[in-house]
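# Structure at a glance
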Amino acid sequence: MKVLIVGDIVGRSGLNRLKAELLSRKDIDFCIVNGENAASGRGVRVKEYNEILDDGADVITMGNHMYYRKEMASEYAKLKRLAIPANLTNLVGNKNVVVEKNGLRFGVINLIGTFAMGDIIENNVRNPFTVVMEQIEELNKQNLDYIFVDFHAEATAEKIAMGHYLKDKVNCVYGTHTHVQTADERIFDTGMAYITDVGMTGPKDSVLGLKKEIAVERFTSGKFIHYECSTNDAMFNAIEVEFDDVSKKAISIKRINLN
Ligand SMILES: [Fe+2]
Ligand SMILES: [Fe+2]
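These notes cover the structure that comes with them. (Residues numbered from 1 in each chain as written. Chains lettered and ligands numbered in written order. Predicted model: local features only at pLDDT ≥ 70, side-chain atom pairs only at ≥ 80, totals over all residues.)

## Thoughts on helix H1 (residues 11-24)
To keep things clear, this is the line we draw: Helix numbers and strand numbers start at the N terminus; a helix is a DSSP run of H or I with at least 4 residues, a strand a run of E with at least 2. Expected helix span is taken as 1.5 Å per residue step, with the number of steps being one fewer than the number of residues. Three exposure classes are used, based on other C-beta atoms lying within 10 Å of a residue's own C-beta, which is placed from the backbone: buried for 20 or more, exposed for 12 or fewer, and partly exposed in between. Once C-beta atoms are placed from the backbone, any two residues with those atoms within 7 Å are in contact.
Here H1 is 14 residues long and its end C-alpha atoms lie 20 Å apart, about the 20 Å a rise of 1.5 Å per residue gives. Among all positions in H1, only Gly-11, Ser-13, Gly-14, Leu-15, Arg-17, Leu-18 and Glu-21 are buried. Against strand S1 (2-6), strand S2 (8-9), strand S3 (30-34), helix H2 (46-55), strand S12 (200-201) and strand S13 (236-243) lie the buried residues of H1.

Quick look at the structure:
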């Protein structure tokens with residue numbers, strides 16, 4: 001069983017690249033996409049949610065950029081394939097998503113980190129290590145074949161610790177949010193696949209998706225300058241994880257980083 005997990009989609013060029021890659025990959029059994037930057041870099045709207053699912057994704061996960069779409073706050077819970085960070089206390093939505101596909105049952109949990117994620121997150125978050133155990137307990141009652149955890153966090157240590165914490169409880173823990181793919185993919189001795197960050201599917205010639213000129217000006221002037229999503233061609237960052245159909249243990253985890 002092969003799973004494709006795609007790192008944060010940024011803007012129109014990221015969406016276009018996702019579409020092209022999914023069209024060319026017919027060997028994927030299950031696909032999870034982080035869509036937190038799909039709407040011009042900031043959050044997701046119903047429009048992008050539908051587009052990503054139409055392209056072939058099975059579940060969409062989110063992150064801190066949900067806060068930029070205030071008009072969406074009452075919509076998230078209605079989007080059945082959208083998992084929001086389960087440990088946020090002031091947003092309503094699905095704390096996990098369960099999908100049945102080709103006779104297999106998949107559960108997806110999204111969590112958010114607690115370090116350097118901005119005040120709005122840090123003031124409205126529960127301990128992700130506590131919350132993930134509650135979510136796993138709930139999913140374990142639902143006779144699932146696979147559980148995936150997207151840990152949307154800045155700090156590498158927080159994500160690596162989560163990997164160790166869950167190594168005998170789920171099938172794959174992966175990080176998102178930094179938009180930079182890490183080269184530390186591994187399979188734990190328990191058969192759980194892990195990577196600290198999947199990376200970004202978004203404008204290559206940018207600073208994490210933000211127009212590079214604005215990013216440089218922000219740093220050189222020390223002033224806040226309004227966000228503008230870069231529009232140039234997107235790179236494609238993902239991981240492909242293959243599992244043994246009987247033991248459900250990971251056989252391989254491969255990084256994909258295409259320019
Ligand atoms: Fe992101
Ligand atoms: Fe993020």
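## What to know about the packing of H1 against H2
Test applied: In this description, a line fitted to the C-alpha atoms serves as the axis of each element, helices being fitted only across the stretch in contact, and the angle between N-to-C directions of two axes falls anywhere from 0 to 180 degrees. We call two directions roughly parallel when the angle between them is under 35 degrees, roughly antiparallel when it is over 145, roughly perpendicular when it lies between 65 and 115, and oblique otherwise. Each helix crossing is assigned a hand: it is left-handed if the near helix lies turned anticlockwise from the far helix by less than a right angle, otherwise right-handed if that turn is clockwise. Basically, the charged four are Asp, Glu, Lys and Arg, the nonpolar ten are Ala, Val, Leu, Ile, Met, Phe, Trp, Tyr, Cys and Pro, and anything else, Gly included, counts as polar.
With their axes 9 Å apart at the nearest point, H1 and H2 run at an angle of 20° to one another. It follows that H1 is roughly parallel to H2 by the angle criterion. Our pair here, H1 against H2, has a crossing hand that is left-handed. Mapping the contact onto sequence places Leu-15, Leu-18, Lys-19 and Leu-22 in H1 and Glu-48, Glu-51, Ile-52 and Asp-55 in H2. In terms of residue class, the contact of H1 with H2 is built from four nonpolar, no polar and four charged.

## Structural notes on the environment of Asn-123
Within the secondary structure, Asn-123 sits in the loop between helix H3 (119-122) and helix H4 (128-140). Residue classification places Asn-123 among the exposed positions, given that 9 C-beta atoms sit within 10 Å. For Asn-123 and Asn-90, which are 33 residues apart along the polypeptide, the C-alpha to C-alpha distance reads 9.5 Å.

## Focus on the pairing of strand S6 (residues 97-101)
What counts here: Pairing between two strands is assigned when DSSP locates at least 2 bridges connecting them.
Relative to strand S7 (residues 104-112), S6 is paired through five bridges, and the arrangement is antiparallel. For Val-97, the partnering residue across the bridge sits in S7 and is Val-108. Between S6 and S7, which pair antiparallel and follow one another directly, the connecting turn spans two residues, one of which, Asn-102, has a positive phi of 45°.

## Here's the deal with the environment of Val-149
The residue Val-149 is located in strand S8 (residues 146-152) in this model. Val-149 gets classed as buried once you count the C-beta atoms within 10 Å, which come to 30. Put simply, Val-149 and Gly-175 are 26 residues apart on the chain and 8.3 Å apart in space, counted from C-alpha to C-alpha. Residue contacts for Val-149: discarding those within four places in its chain leaves Ile-109, Leu-111, Val-132, Leu-166, Val-170 and Val-173.

## Brief notes about the sheet that holds strand S11 (residues 193-195)
Sheet architecture is open: six strands sit in the order S6-S7-S8-S9-S11-S10, paired in mixed fashion. This sheet does not close on itself; its edge strands, each paired only once, are S6 and strand S10 (186-187). Strand direction decides the pairing type here: S8 and strand S9 (residues 172-176), joined by five bridges, are parallel. The residue bridging Phe-148 from the neighbouring strand is Cys-172, located in S9. Packing of H4 onto the sheet brings it into contact with S7 and S8, and relative to S7 it is tilted by some 165°. Contacts between helix H5 (residues 156-166) and the sheet are confined to S8, S9 and S11, with S9 contributing the most and set at about 170° to the helix.

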